[in-house]
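# Report on the structure
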Amino acid sequence: MTHIPYNFEIIKVFLKNHGYNTEEIKQADNKKIIELYEEYNIKAIYEFQIFLNQNNALSSTENIKKYHMQDELNQKILKINGDISKIYDLIDIYFDDYDHDELLEILCKRIKNFSINKIQKIFQIKYRQYQEIWLKKLEIRFKDLPAEEKIFLKKYYEKNRNNMEKLKYVYEYSKNPQYIEKIKKVAQIKLDIMENFMPDLKESYYKSYYNNTPEKIKLIKEISQLNPSYSKNQLKEFTITELKSLNSEILEQNKKEIQDKKLFHKYTNAISQSMDSMDDESFVKICLEAIRELDEEQLQKVVNFSISRNKFFLGKFNTVIKEHQGLTKIRFI
């Protein structure tokens, strides 16, 4: 892959404009500049994660409200009896008001008509539904992000789908248009940084996006057909530039193999015919032609094959070599 150098002067100006110390930037070497740049790059897009760790302590008013809500929940639990559908209904009603573990604990302690294992299973099924809803909603709300960043975030949240609290918080924050605008702005800055200053890293960073582009899918398909020894998962690890290079190499190699076979059959057939006819002049002519046209590997294969087919070939061939020593490419014993 061709390396595109960083424009360090532009990067330094960018860092100064985004709060980094002017003196620190001035004294930093190129390696440190790149480290600071990558630090900003990673930190910026995930800035919103601080919201996930904010103190969510309830005020006294909220505590009173929650007390009445829990009393209401307890009353509804008493009315469940053996109706399993009411458990699903309760989860729907209160999943916004309690975190995952808290609501599960309340239901397991209070519901007497069903085993804890049964309640846990019901709870798991219901929250799997919420996961799919939240992930789909997040995908819709991030639809205006640059395509690379949209896929990047989608994969990130899918990997964190089992972190119910994180997924729920992000889902709630994503209802705020200002939050979405902030993410869009940061995502665009991040993409611009990659395109302008780190283009050689762009594809590996946005791997999820590029793995699903028509160009990469087509290249992987072509290479798999040309050379089945590469699995599709192996080829996905290559960048598009690397795949193009690999595709060209395989095409060139296949072309050479076809040409090698043609030359092999041409000279082994001609040698065989000249040996059968006992025409020494024809034999010498075809041997000299083979020595001139074939590379060392090609010539060795022709010679080895001819030796296996006629025990007199090697002696006659060595005679040709001795008489035309300047033409020999390899030494035959």
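Scroll up for the structure.
Reading the values: rules and limits
Residues numbered from 1 in each chain as written. Predicted model: local features only at pLDDT ≥ 70, side-chain atom pairs only at ≥ 80, totals over all residues. Heavy atoms only, no water. Axes fitted to C-alpha atoms, helices over the stretch in contact; angles between N-to-C directions. Helix = DSSP H or I, 4+ residues; strand = E, 2+ residues; numbered from the N terminus. Parallel < 35°, antiparallel > 145°, perpendicular 65-115°, else oblique. Left-handed = near helix turned anticlockwise from the far one by under 90°. Contact = heavy atoms within 4.5 Å. Nonpolar A, V, L, I, M, F, W, Y, C, P; charged D, E, K, R; others polar. Patch = residues over 30% accessible without salt bridge, like charges linked within 9 Å, V, L, I, M, F, W, Y side chains within 5 Å. Areas by Shrake-Rupley, 256 points an atom, 1.4 Å probe, with all protein chains shown as cover. Salt bridge = Lys/Arg side-chain N within 4 Å of Asp/Glu carboxyl O. Lys, Arg positive; Asp, Glu negative; His and termini not counted. Charge placed at Lys NZ, Arg CZ, Asp CG, Glu CD. Buried < 20%, exposed > 50% of the residue type's maximum accessible area, 1.4 Å probe, protein only. Arc of directions from axis to C-beta. Core = buried A, V, L, I, M, F, W, Y, C linked by side-chain atoms within 4.5 Å.

### Considering the packing of helix α13 (residues 214-226) against helix α15 (residues 240-277)
- Closest axis-to-axis distance for the α13/α15 pair is 10 Å, and the angle between their directions is 25°. The angle between α13 and α15 places the two elements in the roughly parallel class. For the crossing formed where α13 meets α15, the hand is left-handed. In this structure, α13 contributes E215, K216, L219, I220, E222, I223 and L226 to the contact, and α15 contributes I240, L243, K244, L246, N247, I250, L251 and N254.
- In terms of residue class, the contact of α13 with α15 is made up of 9 nonpolar, 2 polar and 4 charged.

### What to know about a positive patch on the surface
- Positive charge collects at one region of the surface, where K155, K159, K221, K232 and K236 lie side by side.
- Listing elements by their share of the positive patch, those giving two or more residues are α8 (147-159) and α14 (232-236).
- Mapped onto the fold, K236 is located in helix α14.

### Topic: the pattern of salt bridges
- Tallied over the entire structure, the rule returns 18 salt bridges.
- Across the pair K126 and D92 runs a salt bridge whose closest N-O atoms are separated by 3.1 Å. Of this pair, K126 sits in helix α7 (residues 116-141) while D92 sits in helix α5 (residues 84-94), placing them 34 residues apart in sequence.
- Under the relative-accessibility criterion, D92 is labelled partly exposed at 36%.
- Across the salt bridge formed by K190 and E149, the nearest N and O atoms sit 3.3 Å from each other. Taken together, the residues span a long stretch of sequence, with K190 in helix α10 (residues 177-197) and E149 in helix α8 at a distance of 41 residues.

### Observations concerning helix α1 (residues 8-17)
- Among all positions of α1, only I11, K12, F14 and L15 are buried. For α1, the buried positions fall inside an angular range of 160° around the axis, keeping them on one side. Of the residues in α1, the exposed ones pointing more than 90 degrees away from the buried face are E9 and N17.
- Following α1 by one or two positions, G19 adopts a phi angle in the positive range, close to 95°.

### Notes on the nonpolar core
- Judged by nonpolar contacts, the single largest core of 37 residues is most densely connected at L107, Y127, F142 and Y157.
- Elements that contribute at least two residues to this core include exactly α4 (60-78), α5, α6 (100-110), α7, α8, α9 (164-173) and α10.
- For this core, the element with the most residues is α7, which contributes 8 residues.
- In this structure, F14, L15, A28 and L243 belong to the second largest nonpolar core, which totals 26 residues.

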